[in-house]
Protein chains: 4
Amino acid sequence: MKKVIVVGGGILGAAITFELAKRGAQVVVIDREDRGQATKAAAGIICPWNSQRRNKKWYVLAREGAKYYPSLVNELHSFNQLNTGYKKVGALSLHSDEAKLEAMKERTLKRKIEAPEIGDINILTSTEAKSLFPLLAPGYSALHISGAARVNGWALRNALIDASQQLGATFIQSTSTLIKEHNTIKGVKLSDNTTIYADEVVIAAGVWANELLEPLQLSFDVKAQKGQILHVKLTDHLCSDWPVVMPPHDQYLLTLENNNIVIGATHENTTELSDTITIAGIKEIIDKALLYAPGLSDAVWNEVKVGFRPFTNDFLPVFGRLKQYAGLTIANGLGASGLTMGPFIGKQLAKFLLESECEIDFTPYSIDSSIQEL
Amino acid sequence: MKKVIVVGGGILGAAITFELAKRGAQVVVIDREDRGQATKAAAGIICPWNSQRRNKKWYVLAREGAKYYPSLVNELHSFNQLNTGYKKVGALSLHSDEAKLEAMKERTLKRKIEAPEIGDINILTSTEAKSLFPLLAPGYSALHISGAARVNGWALRNALIDASQQLGATFIQSTSTLIKEHNTIKGVKLSDNTTIYADEVVIAAGVWANELLEPLQLSFDVKAQKGQILHVKLTDHLCSDWPVVMPPHDQYLLTLENNNIVIGATHENTTELSDTITIAGIKEIIDKALLYAPGLSDAVWNEVKVGFRPFTNDFLPVFGRLKQYAGLTIANGLGASGLTMGPFIGKQLAKFLLESECEIDFTPYSIDSSIQEL
Amino acid sequence: MKKVIVVGGGILGAAITFELAKRGAQVVVIDREDRGQATKAAAGIICPWNSQRRNKKWYVLAREGAKYYPSLVNELHSFNQLNTGYKKVGALSLHSDEAKLEAMKERTLKRKIEAPEIGDINILTSTEAKSLFPLLAPGYSALHISGAARVNGWALRNALIDASQQLGATFIQSTSTLIKEHNTIKGVKLSDNTTIYADEVVIAAGVWANELLEPLQLSFDVKAQKGQILHVKLTDHLCSDWPVVMPPHDQYLLTLENNNIVIGATHENTTELSDTITIAGIKEIIDKALLYAPGLSDAVWNEVKVGFRPFTNDFLPVFGRLKQYAGLTIANGLGASGLTMGPFIGKQLAKFLLESECEIDFTPYSIDSSIQEL
Amino acid sequence: MKKVIVVGGGILGAAITFELAKRGAQVVVIDREDRGQATKAAAGIICPWNSQRRNKKWYVLAREGAKYYPSLVNELHSFNQLNTGYKKVGALSLHSDEAKLEAMKERTLKRKIEAPEIGDINILTSTEAKSLFPLLAPGYSALHISGAARVNGWALRNALIDASQQLGATFIQSTSTLIKEHNTIKGVKLSDNTTIYADEVVIAAGVWANELLEPLQLSFDVKAQKGQILHVKLTDHLCSDWPVVMPPHDQYLLTLENNNIVIGATHENTTELSDTITIAGIKEIIDKALLYAPGLSDAVWNEVKVGFRPFTNDFLPVFGRLKQYAGLTIANGLGASGLTMGPFIGKQLAKFLLESECEIDFTPYSIDSSIQEL
């Protein structure tokens, strides 16, 4: 039985762990619980089909990621993991110019051929849109996509970890460093100097990946994009089944269980991993939200979450074995699509590590060009 | 020599008139000079290539429209019509999430094959973008498209009309009604009861087209979208060569000659053709603009223009001969793409009326489904 | 019969002219019609009693100014001058903290002893306030002062000039320069070189006064404060009888005839007399207005007026004879209280010039400390 | 030795307790630690002198309250209570219209005769004001009052309680009910049924006072005004010595130790004591703050506090013995002036209970008109 150490307990690490555990591997997942963990902050919209991103490498992962969700959630149910926040609530993409919605509709319809899970695709008048999401401003029509879903990133991650533990996996909260012998990675050393050996180590450490690789004289090309996300609660409406809302700018609205709505997020390129909430960030979030959903001003403030999305230079996930050292696999760069793609990529990596056949070709996502020898 | 009456002196009517006159036809163009004429208010961005609209019927007209501009502007120069406001200043499409810009870049690159006039396509950092348009907020990267141009709708229309007059065309400011004999349109009657007969009548009357068709017991499917547009003047910068800016929402910024910047526009579906400026409209324009270009708050207020864009049900231009009556041609529904497509469509219609070969197939743009018999 | 030339046809010059004419003097009023004339832009709130200003010199003029209005308006009626925009509509002073309103109520009640025209003084709940001015935000209580009035500055000025002309006064639109002989001012020379001689010249030229005095080697201490004022029109309400609204900041709302509401004004200290409208100014006006009266967002934009209020160093009006030259009287510095005080001060100056007894002592308002010899 | 129970451990209860303990009484202070305690949320500006409130009953308490601070803070130092947040940092009262500042200056100067602690009173240009508080917008002049101070309500309360405990007082965290025998209050019963007897009971329970009085068939007239207050932290400036800022509206800015700035507060009349933070409240606070101090947008979000200010019908504090029951004293209604007046009123009440001579006459603040028998 193969033994694998997964460093990083975000959505990706958790998904690798779960699939490895299911397939009988011995797994240890180690998480440092950094402030600003992307998965902990993320609000998950599972709706890649109307995206402007048409890059095929990206879209294949996003489409397959979305397709995988229902069966994954089902599987977690069989481990009595009922709380993932996953729900098919549909999505409304708003615009004041209906011609733009028509364009989006066509784009989405074309993609339905390979992704029937998209469901129904309709342009709604502003009145119809408001009947589905009563806080909207007048004057915005919407494209409605019935197959869109939302998910709670942290709940899903916890469900995956818990199910993995039921299957025998071990979860450790610690920092860790790689143990290297010649050109092979043999395991990790924890902060209390405990050493754990394994056949394979996987680094799924997002924006903090370089801290593990630097001792190997390697530099991994990953940039951090800070997102501030505001959680509010409605007191006058039951909103938990309302659709996700995508206004025509760079933010979104997402209903959650318990009558919460998530508003956000900022996209702040940063080199400093400081998870502060800023007045400028909150002002940007509130101002942008109220332009399209003025009814949110009656909501109750809940909390602000801050996470750091990991990005590569060409905004594509990368994953696979490191060629400089044996026994080391890296996955990173899921960016703003982490929740959509994370579970699917995690499953593929688990299969790869156990030498099963994968559902996608890894070639386009090679880590080679992201690694530099120092 | 064929005689044609063009009812409607917006960009489309003016372009038909010019091409007809150039080709030796006898043309009379009649314009009512309504308040809210779309061409009079329009700020022209000639940059269809990065649009989310991928509908081929739409895109062919937009691409060909953009391609036609340089030669048209050149031609007008030979009539000593130097003021069209046309200038290739490039465009910046902003986003806080660079992955989205990457997607837009790919989309635009693909289109460059058939449209080399797109020019250079590059992603700029927020600092680079700010060096081209110094009023931008920090934190927004941009896709820069060097081939994008701006044009002044009303100046271009006037240049077309003036050149047509040099070629012998007649411009009349009047309302008009169609003169019908049996199933043939014979000409028009002006408000002073003058009658003008012609071989062909073309209706290019935008949102007011139905007033001409109702006496024929026909209803034309055209809806009006009101746009409010704010013109400001910079006093601290020379901005006339700055690029067009497209923030990630439903508005834009456009530099003009004389250090003006155009900010807008609203998209208000309306049945009432009232060209009022509203506080809500101005607030929306200013709030949206300052989110992405806070430096605009130092600008001096110039004026607000209001226009009504004509739309058909499927947001596509329609044009061609009416089957119910002989001698009547209709063109309409150019929506927000009027300045991009108007000159090109106008040229095609002129060729069509003079039985020359057209550069596009008219079939996809048939007016038949837009006409209802009352 | 004494002959007087009044240079400056704002509210103050017009009031002097009218009173002089009524009392049988021969009057010529000369106005340059500068852009940015304060009276032309001013929205007039006649409600000095709840002001925080307790300076007695200021308050006496303001109180007497307010008290004088009804009889002046009546008098103008007898000249068939019916359009002054004067109407006793009451005023609402808003605050979210009722203790502050209670304080204002007490202050105003004390002043009622000498100014019974204040009328009823009551604190209204936010619901009661909203019933009088339906566009208010919830949560603001108000002090209601029933005796407050509004007036249209330009209409009143025109009524005064017209009535003066009926009485034989002459109105000339021209620039002018003073004619000096030894230490006496003998009259003025117009831009067409016409000379007009008179027994007395009065300079009521607001922020432009120094241009007349500089040739005398005198400098008058007057500063300009620019005010931008937005006029909007309501379409869904009949608001002409609504009260004036004073939110708890540095701006106000004022209903006018014809369903207009005036919103403003900015207070911009400036040395440049440029009457531009700025985006920052409009944004400030709209943002401040909508904080307290969000219902204004449905209003229709009408126009923006810009005026320059003249201020002295201690923010008090100054008026009286110049000691350096015989035959020259100056009045200036009415600041933001010009419409309230202008007619009353004008009347006093006319009496003074005709050697009648004045209702106030001029000593506290001496121009001496405002004049510097160059 | 007299034994006194003080119900309510806000600023007022703590001040009574401290003075009683100092004077040798045996004191028990009981606090329920309700969410929304006014003292816990309050930001303390000690600057009553420029207030528009001229009600003498109010002003005497506010002036004496401000005058008392330095000696109280000194006294607490002798108990090694160094952390009260009290600091004389001065205050800036902003306005765009300098005439209004001139008025405020005169008002404040008059009050200086009886309150020399006001210090220097000067009008500053906008540049001078910005040099003291660099985040201000241009265009706002300011009245600077050098004697103004700030205080941290909760720190001061804790210092008073701690010093009292050093003096032998007992602090209990519990709910309590009054023990009544015939027409005398004998003590209180705690939530664990412990009974404590005393010679006197004082109710200083703010908006929650009625819960104690209802069992006596009495109703106390106190209304709650909710205040939401935003705490931010500056990272680019050392602001702890910056002056308090009072913009010309219903909110303020207050620097604290540790580079914090307090922005607020809302004034929301409410019958529901729900301490939720609302989007509308946050938006109001941020929008109003940024109008006058746009530099705050770079600040880091810290927390939002919510408190309920207790108000009587005429916005005046009331305090004294209840006439319906022996042994019961009530103090309440300090409203937004709680931190300014609380320590002083507390001291007077302690003297009163111990039959010492008080520094003020209690008559104007009688509780009689605030009590209704049910």
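Just so it is clear, the structure is predicted and the values come from calculations on it, not from any experiment. In this convention, every chain numbers its residues from 1, walking through the sequence in written order. The naming scheme follows written order: chains are lettered A onward, ligands numbered 1 onward. Local features in this predicted model are restricted to residues whose pLDDT is 70 or higher, and side-chain atom pairs enter the listing and the counts only when it is 80 or higher, whereas totals over whole chains, interfaces and linings include all residues. Excluding hydrogens and water, the side-chain figures rest on all heavy atoms present in the structure.

Engineer: Describe the pairing of strand β12 (residues 200–203) of chain C, with residues and values.
Structural biologist: Residues and elements named next belong to chain C. Burial along β12 is two-sided: the face carrying E200 and V202 and the face carrying V201 and I203 are both buried. Strand pairing is defined by DSSP finding a minimum of two bridges between the two strands. Helix numbering and strand numbering both begin at the N terminus, where a helix is a DSSP run of H or I of at least 4 residues and a strand a DSSP run of E of at least 2. Taken together, the four bridges between strand β1 (residues 3–7) and β12 define a ladder with parallel strand orientation. Bridging across to β12, V7 finds its partner in I203. Note that β12 and strand β21 (residues 328–332) share three bridges and pair parallel. Residue pairing in the sheet places I203 in a bridge with I330 of β21. Buried means the residue's accessible area, taken with a 1.4 Å probe over protein chains only, is under 20% of the maximum for its type, while exposed means over 50%, and partly exposed covers the values in between.

Engineer: Tell me about the domain arrangement of chain A, and name the residues and values.
Structural biologist: Frequently, the measure chosen for interface size is the accessible area that the parts lose on association. All names here are of chain A. What the domain assignment reports for chain A is domain 1 (3–40 + 154–221 + 314–373) and domain 2 (89–147 + 223–311). Computed over C-alpha atoms only, the centres of domain 1 and domain 2 are separated by 30 Å. Working rule for contacts: check all heavy atoms of both residues, and any pair within 4.5 Å makes them a contact. On the side of domain 2, 11 residues touch domain 1, which itself brings 15 residues to the contact. Here the buried area means the combined drop in accessible surface, using a 1.4 Å probe, for two parts upon being joined, counting both sides. Around 1,100 Å² of area is buried between domain 1 and domain 2 when both sides are counted, 64% of it from carbon and sulfur atoms. When a carboxyl oxygen of Asp or Glu lies within 4 Å of a side-chain nitrogen of Lys or Arg, that pair is called a salt bridge. Counting across the interface, domain 1 meets domain 2 through one salt bridge. For D275, the salt bridge goes to R35, with nearest N and O atoms at 2.8 Å. Polar contact is defined as a pair of N or O atoms within 3.5 Å, subject to the rule that within protein one atom must be able to donate a hydrogen and the other to accept it, and that residues adjacent in sequence are counted only when both atoms are side-chain atoms. Applying the counting criterion to the domain 1 and domain 2 interface returns three residue pairs in polar contact (both at pLDDT 80 or more). Here the limits of each domain have been adopted from an automatic or database domain assignment.

Engineer: Please provide a residue-by-residue account of the UniProt feature "domain: FAD dependent oxidoreductase" (unreviewed entry) in chain A, values included.
Structural biologist: Under the feature "domain: FAD dependent oxidoreductase" (unreviewed entry), the UniProt entry names residues 3–351 of chain A. Along residues 3–351 of chain A one finds 31% helix and 31% strand; the C-alpha atoms at either end are 14 Å apart. UniProt positions are given in the numbering used here, feature names are shortened, and annotations may be inferred rather than shown by experiment.

Engineer: Just give me the short version of unusual backbone geometry, but keep the residues and values in it.
Structural biologist: Residue B:A265 is reached from B:G264 by a cis peptide bond, and omega for that bond is -10 degrees. Structurally, the position occupied by B:A265 is in the loop between β17 (260–264) and β18 (268–270). Located in the positive-phi region is B:F315, a residue other than glycine, with phi close to 60 degrees. Take B:F315: its relative accessible area is 7%, and that puts it in the buried class. With phi around 65 degrees, C:N80 is a residue other than glycine that occupies positive phi space.

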